[in-house]
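Residue strings, one per chain:
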Amino acid sequence: MLKICRFRWRLPHCVPQSSMLKSAVFSRSKSRPLWYTKDHAPVLILGGIENEKVVLLSDTNFQDYSLIELSIDSCWVGSYYCPMLQFSATIHDAISTESTLFIRQNQLVYYFTGRYTTLFDNSHSSSSWVRVLANECIKKLCPVYVSGNGSEYVLALTTGKHEGYVHFGTITDGLVSFRMVPDGWSICEKLSGLNCTITWATYIADERALLLLVKAFLTSFEDFYLVNFNIDSQKMIILYSLPKYVPEAQGLNFLVLDGTETYTSTLLIPKGLFFNTFNNILYIWGNFILQSYDRSHFIFLADFPRDITIKYMVNSYRGDMAFVTETDEIWYFLEGGYDVYRLVPSRGWNLFFNLQKMEQSPLYADQEVLVSVFYEDGELYQLVFLQTPGNKRLVKRVLPVAQVLLFEQNNPQILLKDGDRRMVAFSNICPFKVMRLRDLPKTQHLSRQEIYRAPPPLVSESQGFHNNKTLAVYQGLIYYLLWLHSKYDKPYADPVHDPTWRWWEHKTQYKDYYYYLSSNWLATEGMYIDMNSYQKLYNISKDSELPETVFLDKGNSFSFTVFLSSYDNDTNSGSDLTENLAVAVAVADPHCLEASVNQEVLINRKAVLYKIIVKDRKVCYDQGLSGYNLKKTSLMVKVLRSSGKCFKATYLGASMQGHLMVPVLIGCPPGKRLAFDVTYTVMHSQNLNKHYFDCVVSNSEMPCFLYRDLFQPFFLIQDMVTGDSGSFLGSYLLLVVGGGPTMDTISDYTEEEIYRYNSPLDKTKSLIWTTKVKRTTPDKKFYIMNYQSPGIEWLCLENSPCHDIIPQSIFAPEFFLKLLVSNRGVDTSTYCDYQLIFVVHLHGLPISGKRSLFIVIVSSSLLLGLVVFYILFCLVWPHIVEAWTSLRWKINNLIASESYYTYATSNAGFSFHSRSGSEESSRALSKAGSKEDNVARK
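Because the structure is a prediction, the values reported are computed rather than measured.

(A) Looking closely at the packing of aromatic side chains. Tallied over the full model, the rule gives 47 aromatic pairs. Look at Phe 274 and Tyr 317: their rings are 6.4 Å apart centre to centre, the planes differ by 40°, and that puts the pair in the tilted class. Note that Phe 274 is positioned in strand β21 (residues 270-276) and Tyr 317 in the loop between β25 (310-315) and β26 (320-325), a separation of 43 residues in sequence. In this structure Phe 274 comes out as buried when scored by relative accessible area, which is 2%. Note on Tyr 317: relative accessible area 7%, which makes it buried. Pairwise contacts between aromatic rings join Tyr 492, Phe 676, Phe 715, Phe 728, Tyr 732, Tyr 834 and Phe 838 into one cluster. Directly above the aromatic system of Trp 185 lies the positively charged group of Lys 190, at a separation of 4.9 Å from the ring centroid.

(B) Inspection of the state of the cysteines at higher detail. Tallying each qualifying case throughout the model produces six disulfides. With its sulfur 1.9 Å from that of its partner, Cys 592 forms a disulfide with Cys 620. Its S-S torsion of approximately 50° makes the covalent link between Cys 592 and Cys 620 right-handed. Of this pair, Cys 592 sits in the loop between β41 (583-587) and β42 (593-602) while Cys 620 sits in the loop between β43 (607-616) and β44 (631-639), and the two are 28 residues apart along the sequence.

(C) Expanded view of the environment of Val 597. Tracing the backbone shows Val 597 in strand β42. Between the alpha carbons of Val 597 and Val 583 there is a distance of 9.2 Å; along the sequence they are 14 residues apart. Apart from residues no more than four positions distant in its own chain, Val 597 is found in contact with Val 585, Tyr 610, Lys 611 and Ile 612.

(D) Up close: the nonpolar core. Of all hydrophobic cores here, the largest spans 72 residues; its most connected members are Leu 155, Ile 187, Tyr 203, Leu 210, Leu 212 and Phe 323. Look past the residues within four positions of Leu 210 in its chain and what remains in contact with it is Leu 155, Val 166, Phe 168, Val 181, Thr 202, Tyr 203, Val 227, Asn 228, Phe 229 and Ile 231. Within the second largest apolar cluster, 49 residues are counted, among which are Tyr 492, Val 736, Ile 805 and Cys 832.

(E) Fine view of empty space enclosed by the protein. For the coordinates displayed, the defined rule picks out seven cavities of 30 Å³ or more. Computed from the structure, the second largest cavity encloses a volume of approximately 70 Å³. Taken together, Val 144, Tyr 145, Val 146, Thr 202, Tyr 203, Phe 275, Thr 277 and Tyr 317 make up the lining of the second largest cavity.

(F) Here's a closer look at the sheet that holds β44. Sheet architecture is open: four strands sit in the order β39-β47-β44-β41, paired in mixed fashion. Two strands lie at the open edges of the sheet, namely β39 (550-552) and β41, each paired on one side alone. Adjacent strand axes in the sheet meet at a mean angle of 20°, parallel and antiparallel pairs treated alike. Across five bridges, β41 lies against β44 in antiparallel orientation. Of the residues in β44, the one forming a bridge with Val 585 is Val 637.

(G) Main features of the sheet that holds strand β8 (residues 108-113). Strand order across the open sheet formed by four strands is β6-β7-β8-β9, with antiparallel pairing between neighbours. Because the sheet does not close on itself, it has two edges, and the strands there are β6 (91-96) and β9 (129-132). On average, each strand axis in the sheet is inclined to that of its neighbour by 25°, with strand direction left out of account. Here β8 runs beside β9; their pairing, made up of four bridges, is antiparallel. From the neighbouring strand, Val 109 faces β9, where its bridge partner is Val 132.

(H) Summary view of unusual backbone geometry. Geometrically, the link from Val 181 to Pro 182 is a cis peptide bond, its omega value of -5° lying close to zero. Note that Pro 182 resides in the loop between β13 (175-181) and β14 (195-204). In this structure, Pro 345 follows Val 344 across a cis peptide bond, with omega equal to -5°. Take Pro 345: it is sitting in the loop between β28 (340-344) and α1 (347-358). With a phi close to 50°, Asp 439 is a non-glycine residue in the positive phi region. Here Arg 448, not a glycine, exhibits a phi torsion of approximately 60°, which is positive. Along the chain, Arg 448 falls in the loop between α3 (443-447) and β35 (451-453). The exposure class of Arg 448 is buried, given its relative accessible area of 12%.

Definitions and cut-offs
- Residues numbered from 1 in each chain as written.
- Predicted model: local features only at pLDDT ≥ 70, side-chain atom pairs only at ≥ 80, totals over all residues.
- Heavy atoms only, no water.
- Phe/Tyr/Trp six-rings, centres within 6.5 Å; stacked < 30°, edge-to-face > 60°.
- Helix = DSSP H or I, 4+ residues; strand = E, 2+ residues; numbered from the N terminus.
- Buried < 20%, exposed > 50% of the residue type's maximum accessible area, 1.4 Å probe, protein only.
- Lys NZ or Arg CZ within 6 Å of the ring centre and 35° of its normal.
- Disulfide = S-S within 2.5 Å.
- Contact = heavy atoms within 4.5 Å.
- Core = buried A, V, L, I, M, F, W, Y, C linked by side-chain atoms within 4.5 Å.
- 1 Å grid on protein atoms, 1.4 Å probe; cavity = no way out; pocket = protein on both sides within 12 Å on 5 of 7 lines; lining within 4 Å.
- Points joined across faces, edges and corners; volume = space filled by probe spheres on them.
- Pairing = 2+ DSSP bridges.
- Axes fitted to C-alpha atoms, helices over the stretch in contact; angles between N-to-C directions.

So this is what it looks like as structure tokens:
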């Protein structure tokens, strides 16, 4: 859906009141455009899909749109090194990448970095515009349609003091930087002539090369050169010298320029370059069109008239191209052929336009101005400004190329006799009746798209409407699914190769219970989540189409079949069929891809089958990360004599047939990863060593491996797109790159330490491990291992970090090793540069001999001391007890005698009186008792 947002540009006093936006504008990929117009007051309008397209145009009549204060310095002041050119408030160039918008007004360049929505944010939109190349005179901004190495690019051409130089702009993560090339010398210094200027520049990211269209001024005429300049080597090569006049084609559709052709009196006026990275075709355009497959030999397309000049061209990267002229004519060209068709204006366009007017379509009007033409999702679009009574608006509409060309066809009429009657019929200029694709590969697997199925929860209420609660639950489910997707990229492989596996790992046993509650209206939440409905899909395919893009790893291939049937019912031989239904198959880079065609003639069906097989030749690309820095090429399939002549009626309208172009990206496909197969490694360790000892405190995410056991790791190649998960059978390097006694104390080692801890050439007694593998790198620094390696023996020599670890408890020492696994430079089975870092938990590490002897001596001493102490204790203890008893008795007697003496002397008088009274009392009691005893006896 197209979103249009607008704001008025506040002008400084120095800006004149009439201006127009002159240049066509395009974005980085898929020919996403920034549009332009030819109106008068400086109102800047921006629109398009977020972060993708931006519209720039000028008009005074947009009074009903939201306005904002964009106060950039639009004044221009000439100087001695910046020649005075035509001055206006016009935005001459505007180029958009996915993160940054560049504009050029006069010779000043500004850029805006951020999201599309912030362009019309009052709080900071003006301050977000940054002026760049402040001391340079910029005469043109040239787009770079295809990014490379994770960066986007833009080219700025200078004039004045730096004529002959190019400012090479790089946009990486929203950061913009420019550097001037060549370094220290000008392109003009290498060319003959009085002076020169660079007319156009384009950049080929895969080759790190600039292609320049250079004009050299001689005494009486001008020469144009195609120049190649390498960014890295700083070397310049003149690839081609353009002719001075338009060639004479002499009635041909095309002409190969080999130096023997004749020329017209019309001067050749080169305006720009376009290079298609996918099929390596270079176009030089102006009042002519030249195309080349090798940048040295050119073909002149004679269908384009020499009295018209091209203003810009757009490409769908699927084989279709469109040109817009200075008079706003639109021309169409199918790559791989030589026929150029004028779409607007044309007889077919007038017929289609009038039909739309009759249907009262709101997208068409009598008065309309073309703003821009661009491709989006394979369709050619127009951006036009419609003017109807009381209404002016900007619309985006499809330009139906197939429908216009179908109306444009002037089929010769023939008369057929049916008895006495004669009927008017039309001959078929398309060579085939039916074209179908069969035996198609799985689209998802080739296009490398990861797809999840995540429907909203079922509402168990009678009305079945969602509410805020159910929508919030659904939002949480989607968020958790995305979290599982990102969480799955970890070094230890899960037992099940599916990110959604952990979602229901412990809940599937209650699935029937939840369904019972929901089906009986007993769910308290009022909703039901079907566990089986949330899953990752792996086999999505289209029945009648090839994928938009094909990714191929080393040696991979794909195939499909083209079915063609003939109109001619009188054809009875296979040779006639194959002559009329001929198919040409071409690959853009034959040294990278090979294509084979197997032909099968079906005489009884008047048809021919062409089975096409495309295979990578294993020599085109070096190893790279998954999904990055891929080699761009393409496959082209074309039915001969079908260009612009074959159409198919669909419910969406007519579509073109007879031509296929599939972009092919060679390298490590996205969605492939290397993981440590810990489950199988543990099982193999148990079988290999006849036992397995885990840590005292086990951890399912990171099990332990015993130090004295052989350690043989296994790895998985997991394909996140196809769902395949198989053992990694290639070669790899294994290096210890870090370690520590605990997870929190793991440190990374330096390059010197990595060499000492892993290299078999080390003489410092620092090796951590060794193996019986004999294969090493060419410099013999490291072992090259594979899944058949005999295993790793842990050494932890005396100068290694895992040597002589002090135990932290009564259990044996343990150590955590950070291991790096990489197949770069040692594995020839894939283009993928796999690199995996994971941690191995070792336990049961031995301690050093010195520390062992010290522990034995200390332990023996302690034990001997305890034994001697026990013996002495047993012998001396009885005497100690006896002495202690005697000592206690003496102490008690002493205490008693001292107490009696003290008591007697201090209370002598009182004691005597008391003793006399008590004696008398005792006697009386004694006598009384005696009497009672006597009475009792009697």
